[in-house]
Amino acid sequence: MIGFIGIAVIFIMVFGGYILAGGKLGIILKSLPFEMMMIGGAAVGAFLISNDMPAVKHTLKDLGKVFKGPKWKHEDYKDLLCLLFELIRLARANPVAIEEHIEAPEESSIFSKYPKILSDKEAVHLIADTMRSASMNYDDPHQVEEVLEKRIEANLHHALHSSHALQTVADGLPALGIVAAVLGVIKTMASIDQPPEILGKMIGGALVGTFLGVFLAYGLVGPFSVKVKDVTEEDGHFYQLIREVLVANLHNHATNICIEVGRQNTPSHCRPSFSDLEESLKALKQEAA
């Protein structure tokens, strides 16, 4: 919602201020389709040249993050801590029984309690691969932490490609606006024999290109890029929490301590309170009893 509000504020303040200052929208509206065709078309073409099709689809999909915000909410972090609690508790009580859950998570009675987490392949694979490694005696906490850190960094780097692609487009839009403006000036010079009032409108139309390129770059595409980056990085905390809890488990800390390590590493605005999480864990213990 706040994304739509931001866009509305931009348009109202820019064009509202222009109209209140005595400007006329007619010349802008008349030139807009042609300038948008040149500037927007060139930007889209450059975007397609610099990205492959999976990256294009990924970027278009990530535009929704500007309006939806982070994927993982407060309840999701609490669910993740509860899921890890159940898995660690079972792995310590019965190392054999845990295998069916990490080998076939989609059929697991534990994972199925948390459908949103189960639907995220990376989160599930991160949990299953790490716990499988521990069962194979690859349990050096420092080595596992390093492996997980590199894996999470690689995934984050890939996820941030959309933001980088949008920022590249934003960086190029002002220059494309100048290109459109220069073409408008060329057109105007070809009609130099026209009366001043006609030339004035033609020059004004040419300058719409410069305005449009800068406006799109700094008013829309640039902020979109920043928002996508912020949301992507915030969602990355979800996978970092998995790393913190599972590494704490490899250090043989008590299960409740492992979960508390994860809770403390949860972003403050998504962090469940100690009492709230404790009640959820008690409910799981009673269910398993």
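If you're wondering where the values come from, they're calculated on a predicted model, not measured in any experiment.

*Asks:* If you had to explain the overall build of the protein chain to someone new, which residues and values would you point to?
*Replies:* On a plain count of helices and strands, the protein chain comes out with 13 helices and zero strands. Counting from the amino terminus, the protein chain carries its helices and strands in the arrangement α-α-α-α-α-α-α-α-α-α-α-α-α. Relative to the compact-globule value of 19 Å for 289 residues, the protein chain shows a C-alpha radius of gyration of 27 Å, a clear excess of over 25%. Along the three orthogonal principal directions, the C-alpha set of the protein chain runs to about 90 × 35 × 30 Å. Taken across its 289 residues, the protein chain has 41% of its residues classed as buried. The contacts of the protein chain with a sequence gap of at least 6 include a subset with a gap of at least 24, amounting to 78%. Accessible area of the protein chain: about 15,900 Å², with a carbon and sulfur share of 65%. For the protein chain, the distance from the average site of its 26 positive side-chain charges to the average site of its 34 negative ones is 7 Å.

*Asks:* Requested: an account of the layout of surface pockets, with residues and values cited.
*Replies:* Within this model, the largest pocket holds a volume of roughly 770 Å³. Lining the largest pocket are 22 residues, with His58, Asp62, Lys65, Ala159 and Tyr239 positioned closest to its centre. Residue composition of the lining of the largest pocket, grouped by class: six nonpolar, eight polar and eight charged.

*Asks:* Now, about unusual backbone geometry: what can you tell me, with residues and values included?
*Replies:* A negative phi angle characterises most non-glycine residues, just as the trans form characterises most peptide bonds. A positive phi angle is found at Asn252, which is not glycine, with a value near 65°. Tracing the chain through its elements places Asn252 in the loop between α11 (196-250) and α12 (255-264). Note on Asn252: relative accessible area 65%, which makes it exposed.

*Asks:* Explain helix α9 (residues 141-159) residue by residue, including any values.
*Replies:* Compared with the 27 Å implied by 1.5 Å per residue over 19 residues, the 26 Å span of α9 between its first and last C-alpha is a close match. Looking only at α9, the buried set comprises Pro141, Val144, Leu148, Ile152 and Ala159. Down the axis, α9 shows its buried residues gathered within 65° of arc, on one side only. In α9, the exposed residues that point more than 90 degrees away from the buried face are His142, Lys150, His157 and His158.

*Asks:* Tell me what's going on with the state of the cysteines, and back it up with residues and numbers.
*Replies:* Evaluation of the coordinates by the stated rule reveals zero disulfides. Take Cys82: it sits in no disulfide, and the sulfur closest to it among the cysteines is that of Cys258, at 15 Å.

*Asks:* Which residues make up helix α10 (residues 161-189), and what are the values?
*Replies:* For an α-helix, 3.6 residues make a turn, and residues three or four places apart therefore share a direction. Look at α10: 42 Å from first C-alpha to last across 29 residues, which is about the 42 Å you get at 1.5 Å a residue. The axis of α10 is deflected most strongly, by about 35°, at Leu173, and proline Pro174 appears within four residues downstream.

Rules used throughout
Residues numbered from 1 in each chain as written. Predicted model: local features only at pLDDT ≥ 70, side-chain atom pairs only at ≥ 80, totals over all residues. Heavy atoms only, no water. Helix = DSSP H or I, 4+ residues; strand = E, 2+ residues; numbered from the N terminus. Rg over C-alpha atoms; globule rule 2.2 N^0.38 Å. Buried < 20%, exposed > 50% of the residue type's maximum accessible area, 1.4 Å probe, protein only. Contact = heavy atoms within 4.5 Å. Areas by Shrake-Rupley, 256 points an atom, 1.4 Å probe, with all protein chains shown as cover. Lys, Arg positive; Asp, Glu negative; His and termini not counted. Charge placed at Lys NZ, Arg CZ, Asp CG, Glu CD. 1 Å grid on protein atoms, 1.4 Å probe; cavity = no way out; pocket = protein on both sides within 12 Å on 5 of 7 lines; lining within 4 Å. Points joined across faces, edges and corners; volume = space filled by probe spheres on them. Nonpolar A, V, L, I, M, F, W, Y, C, P; charged D, E, K, R; others polar. Expected span 1.5 Å × (residues − 1). Arc of directions from axis to C-beta. Disulfide = S-S within 2.5 Å. Bend = angle between axes of the 7 residues up to and from the residue.

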